[in-house]
Amino acid sequence: MTDTNATTESLDSAIAVVGMSGRFPGAPDLDTYWNNLVGGVCSLTDFTEDELLADGADPQEIRGRDYVPTKGYLPDADRFEAELFGFNRTEAAALDPQHRLLLQTAWAALEDAGYNPLDGPPRTGVYVGGGVTEHMLAAQTDRKLAASIGALQVRILTDREFLAPWVSYRLGLDGPSLTVQTACSTSLTAVHLATQALLLGECDTALAGGVAVDTVRKRGYVHYQGGIFSPDGRCRPFDEQAGGTVPGNGVGLVVLRRLSDALADGDQIRAVIRATAVTNDGATKVGFTAPGVDQQTAAIVEAWAAAGLDPADAQYVETHGTATQLGDRIEMAAATAAFKGAMGTGSIGIGSVKSNLGHLDAAAGVAALIKAVLMLEHRTLVPTAGATRPHPDLVLDDSPFHVVDRTTPWASPDRGPRRAGVSSVGIGGTNVHAVLEEAPRAPQGAPADQPQAGPELLLLSARTREALTALAGRLASALRDPAAAPSLADTAHTLRLGRAPMAVRAYVVASDRTDAAAQLLELAEGRATAGSGLANAADGELRALGEAWLKGEQVPWAGEGRRVSLPTYPFAGDSFGALDLSSRAQPVEEPAEERADDLETAVRALLAEALDLDSPDDPEMTYFAAGGDSLTAVHLVGCLRDDFGIDVPITLFLEQLTLHEMARQIVAVKASENAEDSLDALLAEFEGE
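In short, a report on the structure. (Residues numbered from 1 in each chain as written. Predicted model: local features only at pLDDT ≥ 70, side-chain atom pairs only at ≥ 80, totals over all residues. Heavy atoms only, no water.)

Two elements in contact, helix H11 (residues 186-200) and helix H16 (residues 364-378), have axes whose closest approach is 4 Å; the angle formed by their N-to-C orientations is 65°. Put simply, H11 runs roughly perpendicular to H16. Contact with H11, carried on its side by Ser187, Leu188 and Val191, involves Ala364, Gly365, Val366 and Leu369 of H16 and no other residues of that element. (Axes fitted to C-alpha atoms, helices over the stretch in contact; angles between N-to-C directions. Helix = DSSP H or I, 4+ residues; strand = E, 2+ residues; numbered from the N terminus. Parallel < 35°, antiparallel > 145°, perpendicular 65-115°, else oblique. Contact = heavy atoms within 4.5 Å.)

Listed below in structure tokens is the structure:
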């Protein structure tokens, strides 16, 4: 993968994209995302008045002359597999939808990379950012919620400051964990920081990206003359009809490793990041929210220089492209200055995924990055949705660029591999640019009609029977794909090492991909048992391992293979809704002091509420069996002191007591001065850690 412009040092600094996951408007997964991009689909949703009213919109606002009932909408953004991530229902309802989506996307991204999400690579860092949400604002100003679960816990469960730490904690990732905020360029800045951390040796694997879900409800926006939002609900970057952008929601993450490590460990490589750079406009622009030319140019030039390449080596640039008059003009001026050495007018294609999705705020950069990776992977250039003719103010006729307006094969360049740039710009002036390159050639899997060396054992598991059948169906479809199906050996290897074992299990023993797909489809349709496959004696050992798998045992693995991209966990989960500012609870009165003879009953009720139990009357249930943890203990210590005047030691919640015994001991606690582990001491220790 070398060429005359590449130096050994620049290749040593390359970063491999080994996994990806995302949910975007019109695309619950990346396969659908790619199909939409290829088709030039605009995935913005136009809501009817009835839809908006049914979802709680203000009738007066939506009937206003300047209201635009359109958004890059993310359906089912309030659904969450709470049990899979160790949250009880009370915590899951309080948890911000951005946190929920990011946790599930992190799980799927690691699976896409071929790694067990609960036993991922050591020293894995997390670099993510998110937007401000209606749920977060409502939760942190809701006194009733604070009284119910504790003000500290409300903040931990809702503030975007804790996006990265929750991913690290729930998935057991022990590398650096940073929440990044640079407005619209947040997620590409997160990728930049992750690549730098990998090159500095601060981590060996990194999850990077962003999430933006300002509300889970159907909402449009108000168009203001001279503002950034489009008057007609369509985003047309660089087009003669461009009038502004459209807000949208989404989430995306990439899994990154040093290229040398990825090659040595047999990782799939979806694309290579040769270099990244970040700048800020400082005061060299007309206003705080306005972009600047010089530092956008500098970010591009610095990134390509760090890669040991010339910007003229690019064949495509995925732009920030908001379709605002000022933004597009400045971005085009900056890019023209940076890429001025390109070979011939119009030799570099440009586009913006905002034409498909709208502006995803903190997730905009990673949506653009994933689009560029997919184009490199498929060797296909996809159109800017709805492109007609370039805006006359952009003077593209004298620039190195042309707007890609149709899906075309990405021809191999005369020298070197296919390369692309990705730009992202944030309000406040943070500019980011990444240099991407197609992946080095990898050994191909066995063709569909090539005999296998022997049968393979495919292990499947999920949290529920419904999820298992959905997973089996998706895997069957993947193995039937004539263009992209991995070998059966690689499939078996990835399922064994790259998935977390769960309670509901099945297995298939198959001789080839066709056989495996047929059996998986039978399993998905309920026409097969949890274990199925060949009937000859040669598969007896594999069948025995499969039966051990069904019993919940860990199965030893001696097979060989590579990690490959397979369908990831089919998250469904319950709807946990989201808070909104219009439904905030009114301030509550201080509770009346409990009579002594009712105190134990009241304490039991408090325990049941905090643990989300229908009733505290099970005499054998322990605090931990009911889902209690340290955060809930902090909340209970505070409530007991504030509501009942009882200062309980935190160590009480670490004992193996039934809830009845715990209630009796709480009532038996006397003066607060006898409790050594008060709430204040615990919080001081918490802050110190």
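Here the narrative resumes.
Taken across its seven residues, strand E17 (residues 419-425) has seven buried, putting it largely inside the fold. Across the two faces of E17 the burial is the same, with Arg419, Gly421, Ser423 and Val425 and Ala420, Val422 and Ser424 all buried. Bridge analysis of strand E12 (residues 316-318) against E17 gives three bridges, and the strand direction is parallel. When the bridges of E17 are listed, valine 317 appears paired with glycine 421. With seven bridges connecting them, E17 and strand E18 (residues 430-437) associate as antiparallel partners. Note on E18: the bridge partner recorded for arginine 419 is glutamate 437. Linkage of E17 to E18, two consecutive antiparallel strands, is achieved through a turn of four residues, within which glycine 428 is found at a positive phi near 105°. (Buried < 20%, exposed > 50% of the residue type's maximum accessible area, 1.4 Å probe, protein only. Pairing = 2+ DSSP bridges.)

Turning to a nonpolar patch on the surface, a few remarks are in order. Together, Val132, Leu137 and Leu581 give the surface a local cluster of nonpolar side chains, amounting to about 220 Å² of exposed area. Since its relative accessible area comes to 42%, valine 132 is described here as partly exposed. (Patch = residues over 30% accessible without salt bridge, like charges linked within 9 Å, V, L, I, M, F, W, Y side chains within 5 Å. Areas by Shrake-Rupley, 256 points an atom, 1.4 Å probe, with all protein chains shown as cover. Salt bridge = Lys/Arg side-chain N within 4 Å of Asp/Glu carboxyl O.)

Attention now moves to the pattern of salt bridges. Taken as a whole and judged by the stated rule, the model has 33 salt bridges. In this structure, arginine 63 engages glutamate 49 in a salt bridge whose closest nitrogen and oxygen atoms are separated by 3.0 Å. Highlighted residues: arginine 63 in the loop between helix H4 (59-62) and strand E3 (67-68) and glutamate 49 in helix H3 (residues 49-54), separated in sequence by 14 residues. A relative accessible area of 52% places arginine 63 in the exposed class. A residue is classified by how much of its surface remains accessible, and glutamate 49, at 38% relative accessible area, is partly exposed. Arginine 258 serves as the salt-bridge partner of aspartate 261, at 3.0 Å between the closest nitrogen and oxygen. Overall, the relative accessible area of 22% leaves aspartate 261 in the partly exposed class.

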